[in-house]
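# Coordinate analysis (summary)
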Amino acid sequence: MSFDFAFLTSGNYGALILGGVLMTFRLFASAWVLGMLIALVLVGLRGVPLKPFQWLLSLLIEYHRNVPTVVQIMVWYFGMPQILPRELRIWLNQGDTEFMFAMIALALNVSAFMAQDILSGMRAIPSTQVEAARSVGLSVLMTLRYVTLPQAIRIAVPPLVNRSLILFKDTSLAMVIGVGELTYQVRAIENLTFRSFEVFAVATGVYLSAALILMATGAVFARRFPADFRR
Amino acid sequence: MLDILHQYGTMFLIGSWPNGPIGGFAGTLILAGLGLGLSFPIAVVLGLARLSVFEPVRWAASAWVIVFRGIPLVMIIFWAYFIVPVLTGTTVPAFLTALCAIVFYESAFLAEIVRAGIQGLPRGQTEASRAAGLSYVQTMRYVVLPQALTNMLPSLVNQFVSTIKATSIVYVIGVNEVTFAAQQVNSIELTHALQTYLVLAGFYFAACYALSQLAQLLERRLTRRRLGLA
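Cut-offs and rules
Residues numbered from 1 in each chain as written. Chains lettered and ligands numbered in written order. Predicted model: local features only at pLDDT ≥ 70, side-chain atom pairs only at ≥ 80, totals over all residues. Helix = DSSP H or I, 4+ residues; strand = E, 2+ residues; numbered from the N terminus. Buried ≥ 20, exposed ≤ 12 C-beta atoms within 10 Å, placed from the backbone. Contact = placed C-beta atoms within 7 Å. Core = buried A, V, L, I, M, F, W, Y, C linked by C-beta atoms within 7 Å. Expected span 1.5 Å × (residues − 1). Nonpolar A, V, L, I, M, F, W, Y, C, P; charged D, E, K, R; others polar. Axes fitted to C-alpha atoms, helices over the stretch in contact; angles between N-to-C directions. Parallel < 35°, antiparallel > 145°, perpendicular 65-115°, else oblique. Left-handed = near helix turned anticlockwise from the far one by under 90°. Bend = angle between axes of the 7 residues up to and from the residue. pLDDT = per-residue confidence, 0-100.

### Describing the overall build of chain B
Counting its regular elements, chain B contains nine helices and zero strands. Each helix and strand of chain B, placed in order from N terminus to C terminus, yields the pattern α-α-α-α-α-α-α-α-α. Dimensions along the principal axes, computed over C-alpha positions, put chain B at roughly 70 × 50 × 30 Å. When each of the 230 residues of chain B is scored for burial, the buried share is 40%. Within chain B, contacts between residues separated by at least 24 positions form 70% of all contacts whose residues are at least 6 apart in sequence.

So this is what it looks like as structure tokens:
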């Protein structure tokens, strides 16, 4: 076996891989932002004092936590068009349909985990701290700024970074519905050229570098803002 | 949804067995169970290596963990699909290819659980047993690992849930498991995609939710035992 990466510069293989990398990052970024927004809404809805509504919310969150991400993508892409209203379907089909459904599925999936991470960050702070802060004369905003948030963020951010890493890896699952992200392009090029080692190596390198950056970010944060800073 | 379940229930559960290879949800559980079981010994070695006093050993184990945690399982499956036949010199069934990939992938995650389990024990345990004259191997075998493994049980159950969910992607190389069965049902039915995939989701949900609850139960019992209440 001889390895030759030069073929990547010939023809349009290089362009395909680059396009795949860009698509992977686009999918990751849009699913992350949308997922975070949904997570914040979910956290807010957790405050609604209505039992049946809370059960529904729990069911939604548990569905997204206990069903594989691929299956969630399939439910959205193959199944949901059956029941979505016509106008919405037309709107989704205007642009890149596969991308839209993959983004929705990934965002909903990650939002369930993010909501849980944010909630456990908030629950970790005893309510007596808020009461104490308020009684020594801090305003609501000051309590949030100096007492609650500094502690909650230290607890919530490490799992959120970890979840972001998993989301980045999960973008590869969008391959199954034909989103042209990195893994999809790699498989397509491998089928055409049989240069398995070279294309796999390039893709692995891309995933690994992104993962290392995310892991390093998490480690730096954990060192600068340790959760048990009281010691 | 119920008629899909009624008509194709056995296909979802066991695939085309006994007329063909065992598949369906049984295939998923076998793959996940074997994957986790076979990666466990590797993970114990890796976890111990991550805490080793020898720097090169520590680095090698860390590199292993970072690499296999950092790349998507699909990518590892592609690598296995390409490398395993080259190494063995023969064609390998898709099931074994998928199993290899899952063992490597899960070993990295389990290693972190093992490491956390060992680090969760008070240092005094190791120091006392070493001072009492036990060797490193004896200390690990009789003092550290039995306690660490018990404490790890909830995490292990959670990892089994993750493994079950992770195996759903192996249908891309044609392994007979429940997602593959759903694809088959969908290509027969064609018009009931939502119902078919929701039935599929239901299978995963039932198993994974029950196991997650079990993990929480174990966690609570272990905490109570540690506090000396049980």
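### So, the overall build of chain A
From N to C terminus, chain A includes nine helices and zero strands. Of the regular secondary structure in chain A, the N- to C-terminal order runs α-α-α-α-α-α-α-α-α. Its C-alpha atoms give chain A principal-axis dimensions of about 70 × 50 × 25 Å. Per-residue burial for chain A yields a buried fraction of 29% across its 231 residues. The long-range share in chain A, meaning contacts at least 24 apart out of those at least 6 apart in sequence, stands at 80%.

### Digging into the nonpolar core
Counting 114 residues, the largest nonpolar core has A:Leu27, A:Ile73, A:Ala102, B:Ile76, B:Ile77 and B:Ala101 as the members making the most contacts within it. The element best represented in this core is helix H5 (residues 94-119) of chain B, accounting for 15 residues. Leaving out residues up to four positions away in the same chain, B:Ile77 has contacts with B:Ala98, B:Ala101, B:Val170 and B:Ile173.

### Points about helix H9 (residues 196-224) of chain A
Here H9(A) contains 29 residues, and its C-alpha end-to-end distance of 42 Å stays within 8% of the 42 Å for a straight helix at 1.5 Å per residue. When H9(A) is considered as a whole, its buried residues turn out to be A:Val199, A:Phe200, A:Val202, A:Ala203, A:Tyr207, A:Ala210 and A:Ala211. Elements in contact with the buried residues of H9(A): helix H1 (13-45), helix H7 (140-170) and helix H8 (182-193) of chain A together with helix H3 (55-70) and helix H4 (73-88) of chain B.

### Some thoughts on the interface of chain A and chain B
Every contact between the two is made by 29 residues of chain A and, on the other side, 27 residues of chain B. Secondary structure elements with two or more residues in the side of chain A that touches chain B: helix H2 (51-66), helix H3 (69-79) and H9 of chain A. At nine residues, the largest contribution of residues to the side of chain A that touches chain B is made by H9(A). Grouping the constituent residues of the side of chain A that touches chain B by class yields 20 nonpolar, seven polar and two charged.

### Section: the packing of H1(A) against helix H5 (residues 97-123) of chain A
All names here are of chain A. Relative to each other, H1 and H5 sit at 45 degrees, their axes nearing to 6 Å. Put simply, H1 runs oblique to H5. Handedness of the crossing formed by H1 with H5: right-handed. Every residue of H5 that contacts H1 at Leu27, Ser30, Ala31, Trp32, Leu34, Gly35, Met36, Ile38, Ala39, Leu42 and Val43 is listed here: Phe99, Ala102, Met103, Leu106, Ala107, Leu108, Val110, Ser111, Met114, Ala115, Ile118 and Leu119. For the contact of H1 with H5, the class distribution of residues is 20 nonpolar, three polar and no charged.

### A few points about the environment of B:Ala132
Tracing the sequence through the fold places B:Ala132 in the loop between helix H6 (123-131) and helix H7 (136-166). For the pair formed by B:Ala132 and B:Val114, sequence separation is 18 residues and the distance between their alpha carbons is 24 Å.

### Quick look at H4(B)
Look at H4(B): 21 Å from first C-alpha to last across 16 residues, which is about the 22 Å you get at 1.5 Å a residue. The axis of H4(B) is deflected most strongly, by about 25 degrees, at B:Ala80. Of the residues making up H4(B), those classed as buried are B:Leu73, B:Val74, B:Met75, B:Ile76, B:Ile77, B:Phe78, B:Trp79, B:Ala80 and B:Tyr81. Where H4(B) is buried, its residues touch H8 and H9 of chain A together with H5 and H7 of chain B. Two residues or fewer past H4(B), B:Gly89 is found with a positive phi of approximately 80 degrees.

### Some thoughts on the environment of B:Met1
Residue and element names in this part refer to chain B. Relative to the helices and strands, Met1 is located in the segment before helix H1 (2-14). In the structure, Met1 is positioned 192 residues away from Ala193 in sequence and 10.0 Å away in space, judged by C-alpha atoms. Each residue touching Met1, except ones within four places of it in the same chain, is listed here: Gln195, Leu198 and Val199.

### As for unusual backbone geometry
If a residue is not glycine, its phi is most likely negative; likewise, a peptide bond is most likely trans. With phi around 60 degrees, A:Phe194 is a residue other than glycine that occupies positive phi space. On the secondary structure map, A:Phe194 appears in the loop between H8 and H9. Of note, B:Leu190 is a non-glycine position whose phi angle comes to about 65 degrees, a positive value. With respect to the helices, strands and loops of the structure, B:Leu190 is situated in the loop between helix H8 (178-189) and helix H9 (193-226). Take B:Leu190: there are 9 C-beta atoms within 10 Å of it, and that puts it in the exposed class.

### Quick word on the environment of A:Arg26
Residues and elements named next belong to chain A. With respect to the secondary-structure elements, Arg26 resides in helix H1. Classification of Arg26 as partly exposed rests on a count of 16 C-beta atoms within 10 Å. Separated by 73 residues in the primary sequence, Arg26 and Phe99 place their C-alpha atoms 9.6 Å from one another.

### Some remarks on the confidence of the model for chain B
Taken over all residues, the pLDDT of chain B has a mean of 92, while the share at 70 or more is 100%. Both scores are available for the predicted complex, with the pTM at 0.91 and the ipTM at 0.91.

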